[in-house]
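Single-letter residue listing:
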Amino acid sequence: SMEVKMTGDATVDYKLKMFNHWLSSGSTDESAKMALSFGKLLEGSPRVKESIEVYEDTLSIFGWNKETVRTDYGFSTELLDYLPVEDVVNNVQLSVALGRAQDRAHQHQQSTVMYETALHVMKNAKSASKVEEDRSHSLPLWDCRMPSHGDISDKMCIVVTNKR
């Protein structure tokens, strides 16, 4: 594959081109896969803020609204009622990835909200129960709780997975 032969900035540019292609095509599954791959590549670099944009742009094609993230985690109840299983999985993975990138960019409050968003989707999407029944998905979720003194940098998180 062409991607294997490329290194450094060439790989980033190629993945950006592929990401934009899938995003503009409306293919939610391919967009999510590419965003997770490309975003992870950017997270480990000085371009971490670009990974945040990639994750946010991709979440928006699923109906996520950045402006309502503090009131309804960015997903309306109606949307969660109709998300198919694949989109639940993609939304959870993208929300966790966005939270991780925000944490690396020192956006700790936003990061905590995105981890909570992943949990919200798993708890409230009607098709989430099917994700839990399907052993092919292992979704790492971070259940974050603020310590009593409220210092966001000291948030405590535990990993919750649906693997049996």
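Bear in mind that the values here come from a model prediction, so they are computed numbers and not experimental data.

Conventions adopted
- Residues numbered from 1 in each chain as written.
- Predicted model: local features only at pLDDT ≥ 70, side-chain atom pairs only at ≥ 80, totals over all residues.
- Heavy atoms only, no water.
- Helix = DSSP H or I, 4+ residues; strand = E, 2+ residues; numbered from the N terminus.
- Buried < 20%, exposed > 50% of the residue type's maximum accessible area, 1.4 Å probe, protein only.
- Contact = heavy atoms within 4.5 Å.
- Areas by Shrake-Rupley, 256 points an atom, 1.4 Å probe, with all protein chains shown as cover.
- Axes fitted to C-alpha atoms, helices over the stretch in contact; angles between N-to-C directions.
- Parallel < 35°, antiparallel > 145°, perpendicular 65-115°, else oblique.
- Left-handed = near helix turned anticlockwise from the far one by under 90°.
- Nonpolar A, V, L, I, M, F, W, Y, C, P; charged D, E, K, R; others polar.
- Salt bridge = Lys/Arg side-chain N within 4 Å of Asp/Glu carboxyl O.
- Core = buried A, V, L, I, M, F, W, Y, C linked by side-chain atoms within 4.5 Å.

A. Examining the overall build of the protein more closely. If you tally the helices and strands in the protein, you get 9 helices and 2 strands. Moving toward the C terminus, one meets the helices and strands of the protein in the order α-α-α-α-α-α-α-α-α-β-β. Per-residue burial over the protein gives 41% buried out of 164 residues. Within the protein, residue pairs in contact and separated by at least 24 positions form 57% of the contacts whose partners lie at least 6 positions apart. About 9000 Å² of surface is accessible on the protein, with carbon and sulfur atoms providing 51% of the total.

B. Quick look at the packing of helix α7 (residues 85–104) against helix α8 (residues 108–124). Packing of α7 against α8 brings their axes to within 7 Å, and their N-to-C directions diverge by 165°. In terms of orientation, α7 and α8 fall into the roughly antiparallel class. As α7 runs across α8, the sense of the crossing is left-handed. In this structure, α7 uses Val 88, Asn 91, Val 92, Ser 95, Val 96, Leu 98, Gly 99, Arg 100, Gln 102 and Asp 103 to contact α8, whose residues at the interface are His 108, Gln 110, Ser 111, Met 114, Tyr 115, Thr 117, Ala 118, Val 121 and Met 122. Across the contact of α7 with α8, the residue classes tally to 9 nonpolar, 8 polar and 2 charged.

C. Main features of the pattern of salt bridges. Applying the stated rule across the entire model yields 6 salt bridges. Note that Lys 66 and Glu 56 form a salt bridge whose closest N and O atoms lie 3.4 Å from each other. You can see Lys 66 sitting in the loop between α4 (48–61) and α5 (69–72) and its partner Glu 56 sitting in helix α4, a full 10 residues away along the chain. The exposure class assigned to Lys 66 is partly exposed, which follows from its relative accessible area of 45%. One salt-bridge network, held together by shared partners, links Asp 29, Glu 30 and Lys 33.

D. Spatial organisation of the packing of α4 against α7. Interhelical geometry of α4 versus α7 gives an angle of 155° and a closest axis separation of 9 Å. In terms of orientation, α4 and α7 fall into the roughly antiparallel class. Handedness of the α4/α7 crossing: left-handed. For the pair α4 and α7, the contacting residues are Val 48, Ser 51, Ile 52, Tyr 55, Glu 56, Thr 58 and Leu 59 in the first and Asn 91, Leu 94, Ser 95, Ala 97, Leu 98, Arg 100, Ala 101, Gln 102 and Arg 104 in the second. Among the residues making up the contact of α4 with α7, the classes are represented as 8 nonpolar, 5 polar and 3 charged.

E. Local environment of the nonpolar core. Core analysis: the biggest nonpolar cluster contains 37 residues, and Phe 19, Leu 59, Trp 64, Val 88, Leu 94, Leu 98 and Val 121 have the highest contact counts within it. Listed by contribution, the elements that provide at least two residues to this core are α2 (8–25), α3 (28–43), α4, α7, α8 and α9 (128–133). Looking at which element gives the most residues to this core, the answer is α7, with 9 residues. Setting aside residues up to four positions removed in sequence, Phe 19 forms contacts with Ser 31, Met 34, Ala 35, Phe 38, Val 54, Asp 57 and Thr 58.

F. Local environment of unusual backbone geometry. Even without a glycine there, the phi angle at Tyr 73 is positive, about 60°. Tyr 73 gets classed as partly exposed once you look at its relative accessible area, which sits at 26%. Residues other than glycine seldom take positive phi values, yet His 106 does so here, at roughly 65°. Along the chain, the position of His 106 falls in the loop between α7 and α8.

G. Structural view of the environment of Asn 65. The topology assignment puts Asn 65 in the loop between α4 and α5. Measuring from C-alpha to C-alpha, the distance between Asn 65 and Phe 75 comes to 6.6 Å, with 10 residues separating the pair along the chain.

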